[in-house]
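Close look at the chain arrangement
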Amino acid sequence: MDNYVESSLELHLFFGRIMKEHSFFLEVGYTQANTNFIKEASNFKMAFEDLLYDVICCSQGVVSDTVFESGEVITEFTLDAEKQSSMLTGSNIDSNITILEEKLWNNNRRGKRIDSNLTNAVSQINQRRLQLLEGLISFKEFTLENVLNCKMFTMNYPLLIEHIIREAKLYQKYIMNLEEGNVNPESMRDIELFWNQIMMEHALFIRGLLDPTENELIMTADDFANQYAQLLSEARNMTDMTIDSVTDETLEETKKYRDFKMAGAKGIEECKIRSLILPLLADHVLREANHYIRLLEEK
């Protein structure tokens, strides 16, 4: 049960924040023609914020320091990125969660006894997350259907909506696996196939959201998209037994990509890069790269 509790909380600290930010990106991407969708996206955002409070309360002394040190939960940019993105869009973001997570990181001392009360609390969080995710996935799919049928305009690419649906379904699958007693059921090949696709699409989004005058950054993003397309192709040709032969290459490429994203997050936060990229989106994709690096290093 120790693995169940720790794995659940670490999963929620990363993916719970990702889901609330997906809801935020959807919310600010709709137009006034779809105010009902704006409201529903905001409700999902607040629901994930509420659940993050419960996760933080349960995490003290349980969650691995490695998760915080990886930069997948929060980065040096997260708090300011939230404040700037809220100011720019007029949509409220509860940054107290980020402050509490900073305190959790600084004061985290592993060794808390995992008893039945904590286990039951985590089980309830998992069940509530599954219910919330079912609704969010349906909401995202309905948005995508409307966009593809030209019944809705949104500032989010159709591919981006498909992208965030896949991430939500992965999160859902991980929680279901934990509830079924499968703590680490996924192969390294599956992990690389999924996250190489995500990294490639990040590069495509970055390329498409940069101002046309940002030629050097556009070319760099395009290079990363091509590199991850190649890594994705290589991983598809591997088996679970041979995937190790490309994992080191993927790790090195992702570290370079992390550095590119970090420089981008800093440049956008300091208003030095022309783009349509919100500061929180820049931080969001940086955290996902940090998460992937931890997975690659652990395996």
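Going by the structure above, here's the rest.
Residues numbered from 1 in each chain as written. Predicted model: local features only at pLDDT ≥ 70, side-chain atom pairs only at ≥ 80, totals over all residues. Heavy atoms only, no water.

Focus: the packing of helix 1 (residues 2-29) against helix 2 (residues 35-59)
The interhelical angle for the contact between helix 1 and helix 2, taken along N-to-C directions, is 160°, at an axis separation of 8 Å. Judged on the interaxial angle alone, helix 2 and helix 1 are roughly antiparallel. Handedness of the helix 1/helix 2 crossing: left-handed. Contacts between helix 1 and helix 2 involve Leu 9, His 12, Leu 13, Gly 16, Arg 17, Met 19, Lys 20, Ser 23, Phe 24, Leu 26 and Glu 27 from the former and Ile 38, Ala 41, Ser 42, Phe 44, Lys 45, Phe 48, Glu 49, Leu 52, Val 55, Ile 56, Cys 58 and Ser 59 from the latter. Looking at the contact of helix 1 with helix 2 residue by residue, the class counts come to 13 nonpolar, five polar and five charged. (Axes fitted to C-alpha atoms, helices over the stretch in contact; angles between N-to-C directions. Helix = DSSP H or I, 4+ residues; strand = E, 2+ residues; numbered from the N terminus. Parallel < 35°, antiparallel > 145°, perpendicular 65-115°, else oblique. Left-handed = near helix turned anticlockwise from the far one by under 90°. Contact = heavy atoms within 4.5 Å. Nonpolar A, V, L, I, M, F, W, Y, C, P; charged D, E, K, R; others polar.)

Things to note about unusual backbone geometry
Notably, Cys 150 is not glycine yet its phi reads approximately 60°, a positive angle. Within the secondary structure layout, Cys 150 lies in the loop between helix 6 (116-148) and helix 7 (158-179). One non-glycine residue, Cys 271, lies in the positive phi region at around 60°. A relative accessible area of 70% means that Cys 271 is categorised as exposed. (Buried < 20%, exposed > 50% of the residue type's maximum accessible area, 1.4 Å probe, protein only.)

Looking at the environment of Lys 45
Structurally, Lys 45 is set in helix 2. Through-space distance from the C-alpha of Lys 45 to that of Ile 277 is 19 Å; in sequence the pair is 232 residues apart. A polar side-chain atom of Lys 45 sits 3.1 Å from a polar atom in the side chain of Glu 27. (Polar contact = N/O pair within 3.5 Å; in protein donor to acceptor, adjacent residues only side chain to side chain.)

Thoughts on the packing of aromatic side chains
A complete count under the given rule lists 18 aromatic pairs for this structure. Ring plane angle 15° and centroid distance 6.2 Å describe the contact between Phe 68 and Trp 105, whose orientation is recorded as stacked. Here Phe 68, found in helix 3 (residues 65-69), pairs with Trp 105, found in helix 5 (residues 96-107); they are 37 residues apart in sequence, far enough to count as distant. The class of Phe 68 is buried, set by a relative accessible area of 1%. Of the aromatic side chains, those joined through ring pairs into one cluster are Phe 14, Phe 15, Tyr 171, Tyr 174, Phe 194, Trp 195 and Tyr 292. The lysine or arginine in question, Lys 261, covers the ring of Tyr 257, its NZ or CZ lying 4.3 Å from the ring centre. (Phe/Tyr/Trp six-rings, centres within 6.5 Å; stacked < 30°, edge-to-face > 60°. Lys NZ or Arg CZ within 6 Å of the ring centre and 35° of its normal.)

Concerning helix 4 (residues 78-89)
Counting along an α-helix, one turn takes 3.6 residues, and residues three or four places apart therefore face a common direction. For helix 4, with 12 residues, the first-to-last C-alpha span of 16 Å sits near the 16 Å given by 1.5 Å per residue. On its buried side, helix 4 packs onto helix 1, helix 5, helix 10 (244-269) and helix 11 (279-298). Just downstream of helix 4, Gly 90 is the residue with a positive phi angle, here 80°. (Expected span 1.5 Å × (residues − 1).)

Some points on the side chain of Asn 34
Structurally, Asn 34 is set in the loop between helix 1 and helix 2. Judged by relative accessible area, which is 10%, Asn 34 ranks as buried. Beyond its immediate chain neighbours, meaning those up to four positions away, Asn 34 contacts Met 152 and Phe 153.

Side note on the packing of helix 4 against helix 5
Relative to each other, helix 4 and helix 5 sit at 175°, their axes nearing to 10 Å. In terms of their interaxial angle, helix 4 and helix 5 are classed as roughly antiparallel. Only Thr 98, Ile 99 and Glu 102 of helix 5 make contact with helix 4, whose side of the interface consists of Thr 78, Leu 79 and Glu 82. Grouping the constituent residues of the contact of helix 4 with helix 5 by class yields two nonpolar, two polar and two charged.

Points about the nonpolar core
Residues Phe 15, Met 19 and Trp 195 are the most contacted members of the largest nonpolar core, which totals 95 residues. In this structure Met 19 touches Phe 48, Leu 133, Leu 136, Lys 140, Glu 167, Ala 168 and Tyr 171, once residues within four positions along its chain are discounted. (Core = buried A, V, L, I, M, F, W, Y, C linked by side-chain atoms within 4.5 Å.)

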